[in-house]
2 protein chains.
Amino acid sequence: MSPSVSPAVSAPAVLAELRAEDVPDVAAGAAVLGTGGGGDPYIAALLARAALLEHGPVPIVPLERGALADDAAVYSVGMMGAPTVMVEKLPPAEQPAQAIRVLARYRGLEPSHVACLEIGGLNALLPFVAAAQLGLPVLDGDGMGRAFPEVQMVLPTTYGVATTPMSITDEKGNGGIFDTATPLWAERLARTATVEMGCSATISLYPMTGQQARTSLIPGTVSLCARIGRRLRTARAEHLDPVAEVVDEVGGRELFAGTVVDVARRTETGFARGTATVAGAPTGGDPAARTHSARLEFQNEHLLVALREAADTTGEGEQLLVTVPDLICVLEADTGQAVTTEKLRYGQRVRVIAIPADPRWHSEAGVALVGPRYFGYDTDPVRVAGAGAVR
Amino acid sequence: MSPSVSPAVSAPAVLAELRAEDVPDVAAGAAVLGTGGGGDPYIAALLARAALLEHGPVPIVPLERGALADDAAVYSVGMMGAPTVMVEKLPPAEQPAQAIRVLARYRGLEPSHVACLEIGGLNALLPFVAAAQLGLPVLDGDGMGRAFPEVQMVLPTTYGVATTPMSITDEKGNGGIFDTATPLWAERLARTATVEMGCSATISLYPMTGQQARTSLIPGTVSLCARIGRRLRTARAEHLDPVAEVVDEVGGRELFAGTVVDVARRTETGFARGTATVAGAPTGGDPAARTHSARLEFQNEHLLVALREAADTTGEGEQLLVTVPDLICVLEADTGQAVTTEKLRYGQRVRVIAIPADPRWHSEAGVALVGPRYFGYDTDPVRVAGAGAVR
């Protein structure tokens, strides 16, 4: 533990409800777990705050038996598309609830709980917008423990929970249902519809029972977001090192510090893809000396980070530091605020941290779904070395 | 009336039911009204024949009050996509009925009748496949009186009948529902899904009441197909001129005869687009002398035909003969069999005929939906001159 870490944070480890005043912390934590993607939570935070002020706090239900009935009707909701577009195209406040209503009507089964499928980014907060309007609780958990770019990339897929029926809606009043042969077909059809709808859409998918949610979701991740956000906020107030606070909270590891010297990004097939280069030094070195550079590859989210010495112009000595499924997060050097890939800019001073993914992502089924080879990189996953366990 | 036309054809003008043995005539007639597109009815004819042999004849119901109740639940069904693909990718026999079932389940309203939206091409027969399996009658009419390339291009659109909810299914087991803000959004979303599904899909759309069907469909077009097909067959048996028989039956006009000398086609955005050139002479001249050439432009269907003299190499004297909404059909010179755009080949001897569209297609709303300007041609519609009325 770094000496600058706060010795004791006296706040509840688990959130029992989400109030309007809790939203900024959850948004800050979700931005970190977004690993550069997931959409900047800023706009979702505005919508969530407004919904909670209008409808009151939303109860948060743990996944444990006793709190969540086996036969609960759980509906997940979130936005799909290129984060670069999502942050510019505000969804109407009614759209997340509408996506759930469309799916519930198709299934003929009223929802009892709302869930996050993706805790990283704006999809951590949109379920609260829907839940507040529908008068429903939200589960304390999610399907990824981070953000991933494609809809089938959730642990429930590895448990055999069906992706569809899913609903898709846009801000123009278009809606639809997909009921597909495989999870990958759900991704393909929903992705082309999303692109046609203008590169962003709101979807409700993976409808599941309480028992399926308990088995296949990652528990406690809404509360984890709140804790990350709280430690960032406290660290700034108390002049601690915010990045070290985050690393401690999530059991992660700082990899690299430096200055962004190049960003190449393109929006294609509905994704924000690109490469960013940071010049500086591995943690422990002097970032200003620029002895090394770190290359980040992303598709909405950061997929891998590789290190080379500054003198290595061909890159033949480059070394993979971490890849998916583990989390790679770029934080502002001083404030610890997460920087999304669309906000990466030349000259930014940043620190790169890595966080171990839920261990189930390192199973054979998990790696097949979200490992580096799926994204076209010819390597086995490289895991965060020397990191502590996620609390 | 041409002297070679049969003086009297002693067959019923209206079909009361479709039997397996009627299928070839309806298919031949539908191919003519397909105006080069709509998909070669060959495969749909095989499916329809098999379904009728298994389930028995399908009753055909006229649109008149007394035959069709105002509150009937009418479901249309057909294939969407590039005809070049449709003829190579046989839909499973269950798929049209499945498309109707998916939509009926979504609406919570059982179908009482099946309808054709597009009488030109394979979509004249697929509704009979579904109707035979579902034990339902088919209406004697359709939404176009021909074939058109986009889903919103039906007369019901001009009457305010909603395009959606619509269902979409493919042969891989994928299904979906679209419920869109406008008819054009239905086309856009269904088209991208169709392309993703492999350039063909089966859809059920424009669900309507019996009263809406009576008002907005074109009456009698299933029977018209049967009559066209019968006259083609009789003409071949009795050594009459099949093309003249068709022209007489539909109140059309022969425009040009000659030999195909060039075809350029491309499959893009889910459509078969292209240009064909026929060298020959306007009707009355000697095709072998090649004094003129006719240029046909198509997007699945023929959109326009233009005439120029053979000596006019720049095309500056080119003259538009006929454009959409009127029907432009290319028939084999000797047999009168319709030639679809994907079967146009260098060296084919063909005759080009034109048929007046339903007069409602020449209304302001009709021309806005399917006139030449919609397809990118800077001209008002050019109508068939000197043609008789459709019987």
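Residues numbered from 1 in each chain as written. Chains lettered and ligands numbered in written order. Predicted model: local features only at pLDDT ≥ 70, side-chain atom pairs only at ≥ 80, totals over all residues.

Caption draft 1: Layout of the overall build of chain A. The helix and strand inventory of chain A stands at eleven helices and 17 strands. Expected size for 391 residues packed as a compact globule is a radius of gyration near 21 Å; at 20 Å, chain A falls within 12% of this value. By principal-axis analysis of the C-alpha atoms, chain A measures approximately 65 × 45 × 35 Å. Counting every position in chain A, which comprises 391 residues, the buried fraction comes to 60%. Contacts in chain A between residues at least 24 apart in sequence constitute 74% of all its contacts with a sequence separation of at least 6. (Helix = DSSP H or I, 4+ residues; strand = E, 2+ residues; numbered from the N terminus. Rg over C-alpha atoms; globule rule 2.2 N^0.38 Å. Buried ≥ 20, exposed ≤ 12 C-beta atoms within 10 Å, placed from the backbone. Contact = placed C-beta atoms within 7 Å.)

Caption draft 2: Region of the structure containing helix H9 (residues 221-237) of chain B. Residues and elements named next belong to chain B. Between its first and last C-alpha atoms H9 spans 24 Å; for 17 residues at 1.5 Å apiece the expected length is 24 Å, and the two agree. Burial analysis of H9 places 13 of its 17 residues in the buried class, the great majority of the element. Remark: His239 follows H9 within two positions and exhibits a positive phi of approximately 55°. (Expected span 1.5 Å × (residues − 1).)

Caption draft 3: View of the interface of chain B and chain A. Listed as interface residues are 17 residues of chain B and, on the opposing side, 17 residues of chain A. Secondary-structure elements contributing two or more residues to the side of chain B that touches chain A are strand E8 (175-179) and helix H7 (183-196) of chain B. Ranked by the residues each element gives to the side of chain B that touches chain A, the list is headed by H7(B), at six residues. The pairing of strand E8 (residues 175-179) of chain A with E8(B) spans five bridges and is classified as antiparallel. From the neighbouring strand, Asp179(A) faces E8(B), where its bridge partner is Gly175(B). (Pairing = 2+ DSSP bridges.)

Caption draft 4: Structural view of the domain arrangement of chain A. Residue and element names in this part refer to chain A. According to the domain assignment, chain A contains domain 1 (17-221) and domain 2 (241-375). Contacts between the two partners involve 29 residues from domain 1 and, on the opposite side, 26 residues from domain 2. Broken down by secondary-structure element, the contributors of at least two residues to the side of domain 1 that touches domain 2 are helix H1 (23-33), helix H3 (83-86), helix H6 (155-158) and helix H7 (183-196). Residues of the side of domain 1 that touches domain 2, tallied by class, amount to 14 nonpolar, twelve polar and three charged. (Domains from an automatic or database assignment. Nonpolar A, V, L, I, M, F, W, Y, C, P; charged D, E, K, R; others polar.)

Caption draft 5: Representation of the relation of the copies chain B and chain A in the model. Here chain B sits on chain A after a turn of 180° about the axis and a move of 0.1 Å along it, with an RMSD of 0.0 Å. What the superposition gives is, in effect, a two-fold axis relating one chain to the other. Within chain B, the C-alpha atom positioned nearest to the axis of rotation is that of Ile177(B), 2.4 Å from it. (Least-squares fit on C-alpha atoms with pLDDT ≥ 70 in both.)

Caption draft 6: Focus on the nonpolar core. Within the largest apolar cluster, 259 residues are counted, with the highest numbers of intra-cluster contacts made by Leu125(A), Phe128(A), Leu125(B) and Phe128(B). Not counting chain neighbours up to four residues away, the residues in contact with Leu125(B) comprise Val23(B), Val26(B), Ala27(B), Ala30(B), Pro41(B), Ala44(B), Ala45(B) and Ala48(B). (Core = buried A, V, L, I, M, F, W, Y, C linked by C-beta atoms within 7 Å.)

Caption draft 7: Main features of the sheet that holds strand E11 (residues 253-268) of chain A. Residues and elements named next belong to chain A. Across the sheet, which stays open at both edges, the seven strands sit in the order E15-E14-E13-E12-E11-E17-E16 with antiparallel pairing between neighbours. Whereas interior strands pair on both sides, the edge strands pair on one side only; in this sheet they are strand E15 (319-323) and strand E16 (327-332). Sheet twist, expressed as the average angle between the axes of neighbouring strands with direction ignored, equals 35°. By the bridge criterion, twelve bridges tie E11 to strand E12 (residues 271-282) in an arrangement that is antiparallel. If you follow Gly258 over to E12, its bridge partner there is Gly280. Lying over the sheet, helix H10 (residues 242-250) contacts E11, E16 and strand E17 (349-355), oriented at roughly 10° with respect to E17. (Axes fitted to C-alpha atoms, helices over the stretch in contact; angles between N-to-C directions.)

Caption draft 8: Seen up close, the packing of H7(A) against H7(B). Relative to each other, H7(A) and H7(B) sit at 140°, their axes nearing to 9 Å. Relative to H7(B), the element H7(A) lies oblique. With respect to the hand of their crossing, H7(A) and H7(B) are arranged in right-handed fashion. Facing H7(A), whose interface residues are Arg188(A), Leu189(A), Thr192(A), Ala193(A) and Glu196(A), H7(B) presents Arg188(B), Leu189(B), Thr192(B), Ala193(B) and Glu196(B). Among the residues forming the contact of H7(A) with H7(B), the class breakdown is four nonpolar, two polar and four charged. (Parallel < 35°, antiparallel > 145°, perpendicular 65-115°, else oblique. Left-handed = near helix turned anticlockwise from the far one by under 90°.)

Caption draft 9: Inspection of H1(A) at higher detail. Residue and element names in this part refer to chain A. When you tally the buried positions in H1, you get ten out of eleven residues, the bulk of the element. For H1, the set of buried residues is Val23, Asp25, Val26, Ala27, Ala28, Gly29, Ala30, Ala31, Val32 and Leu33. On the buried face of H1, the contacting elements are strand E1 (17-18), helix H2 (42-55), helix H9 (221-238), H10 and E16. Positive backbone phi, approximately 45°, marks Thr35, located one or two places after H1.

Caption draft 10: Representation of the environment of Tyr106(B) within the structure. By the secondary structure assignment, Tyr106(B) is in helix H4 (residues 95-107). Put simply, Tyr106(B) and Pro165(B) are 59 residues apart on the chain and 8.2 Å apart in space, counted from C-alpha to C-alpha.

Caption draft 11: Representation of the sheet that holds strand E12 (residues 271-282) of chain B within the structure. All names here are of chain B. With antiparallel pairing, the seven strands of this open sheet are ordered in space as E15-E14-E13-E12-E11-E17-E16. Among the strands making up the open sheet, the edge pair consists of strand E15 (319-323) and strand E16 (327-332). Strand-to-strand twist across the sheet, computed as the mean angle between neighbouring axes with direction ignored, equals 35°. Pairing analysis gives eight bridges linking strand E13 (residues 292-299) to strand E14 (residues 301-309), with the strands arranged antiparallel. Across the sheet, residue His292 finds its bridge partner in E14, namely Glu309. This element, helix H10 (residues 242-250), spans strand E11 (253-268), E16 and strand E17 (349-355) of the sheet and lies at about 10° to E17.

Caption draft 12: Looking closely at the confidence of the model for chain A. Chain-level pLDDT for chain A is 93 on average; 95% of the residues reach the 70-or-more range. Here the complex is predicted with pTM 0.87, and the ipTM for its interfaces comes to 0.82. (pLDDT = per-residue confidence, 0-100.)

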